[in-house]
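# Structural description and commentary
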Amino acid sequence: MSEELKQHILKNGFTLGVVYICIDILKYIGGAEYFVNTYVGILSILIAVVVPTYYTFKFRASNEGFIDFRTAFSSCTGILLAAGFIELVFQILLLNIIDTQFASELLDVSINTAVAQFEAFGMSEDEITEIVTAMESTSSYSPMNMLKGFGFMVVGYTIFGLIVAAFTKKDRPEFSEE
């Protein structure tokens, strides 16, 4: 990996990570309901799709309009990994050190939202009670569980990076007139 690509990943991954933190702070100020809000989630996903794709195209443009598959994949996935790690550290600090009570509020809102959805799907009370008990028994916001969640995100970042690399790659011609 070239030094130029490393700097590109770190700079833009840090920028995206700061955007993620700003969104998390706004969600925190808004309350636990905003952390599980569908529209806020969609906005976050949209940002996660648009920003690394934009920066990968920008990196291609800075290299005379050419980028190979590996470099495009590294650019997109690296930006997402860097930003995701920054957000993970922030969320671990927020939910486990700064305001541990907020994690409890998040769990309550998550359970209430899930119960409403399960009832809408027509699930029986026994099934809902079983699921709620399972949700209450595991702390989704413990550092270890958050790290596990990040592990799954890495898989998603990788798949997305492959997709972006497939349509952003543009190899240099084999024979050029230079």
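Residues numbered from 1 in each chain as written. Predicted model: local features only at pLDDT ≥ 70, side-chain atom pairs only at ≥ 80, totals over all residues. Heavy atoms only, no water.

### Topic: the pattern of salt bridges
According to the stated counting rule, one finds two salt bridges in the structure shown. Across the pair Asp24 and Lys27 runs a salt bridge, and its minimum N-O distance is 3.4 Å. Residue Asp24 and its partner Lys27 are both found in helix α1 (residues 3–30); the two are separated by three residues, about one turn of the helix. Classification of Lys27 as buried rests on a relative accessible area of 11%. (Salt bridge = Lys/Arg side-chain N within 4 Å of Asp/Glu carboxyl O. Helix = DSSP H or I, 4+ residues; strand = E, 2+ residues; numbered from the N terminus. Buried < 20%, exposed > 50% of the residue type's maximum accessible area, 1.4 Å probe, protein only.)

### Describing the nonpolar core
Grouped together as the largest cluster of nonpolar side chains are 28 residues, with contacts concentrated most on Leu16, Tyr20, Leu80, Leu95, Phe102 and Leu106. Of all the secondary structure elements, the ones that give two or more residues to this core are α1, α2 (32–35), α3 (38–62), α4 (69–98), α5 (100–120) and α7 (143–168). Other than its neighbours up to four places away in sequence, Leu106 contacts Ala32, Phe35, Leu95 and Tyr141. Core analysis: the next-biggest nonpolar cluster, separate from the first, contains seven residues, Leu107, Val115, Ile128 and Val132 among them. (Core = buried A, V, L, I, M, F, W, Y, C linked by side-chain atoms within 4.5 Å. Contact = heavy atoms within 4.5 Å.)

### Quick word on a negative patch on the surface
A cluster of acidic residues, Glu119, Glu125, Asp126, Glu127 and Glu130, forms a negative patch on the protein surface. When residues in the negative patch are grouped by element, the largest group, four residues, is from helix α6 (residues 125–137). The topology assignment puts Glu125 in helix α6. (Patch = residues over 30% accessible without salt bridge, like charges linked within 9 Å, V, L, I, M, F, W, Y side chains within 5 Å. Areas by Shrake-Rupley, 256 points an atom, 1.4 Å probe, with all protein chains shown as cover. Lys, Arg positive; Asp, Glu negative; His and termini not counted. Charge placed at Lys NZ, Arg CZ, Asp CG, Glu CD.)

### Details of unusual backbone geometry
Located in the positive-phi region is Glu64, a residue other than glycine, with phi close to 60°. Counting through the fold element by element, Glu64 comes out in the loop between α3 and α4.

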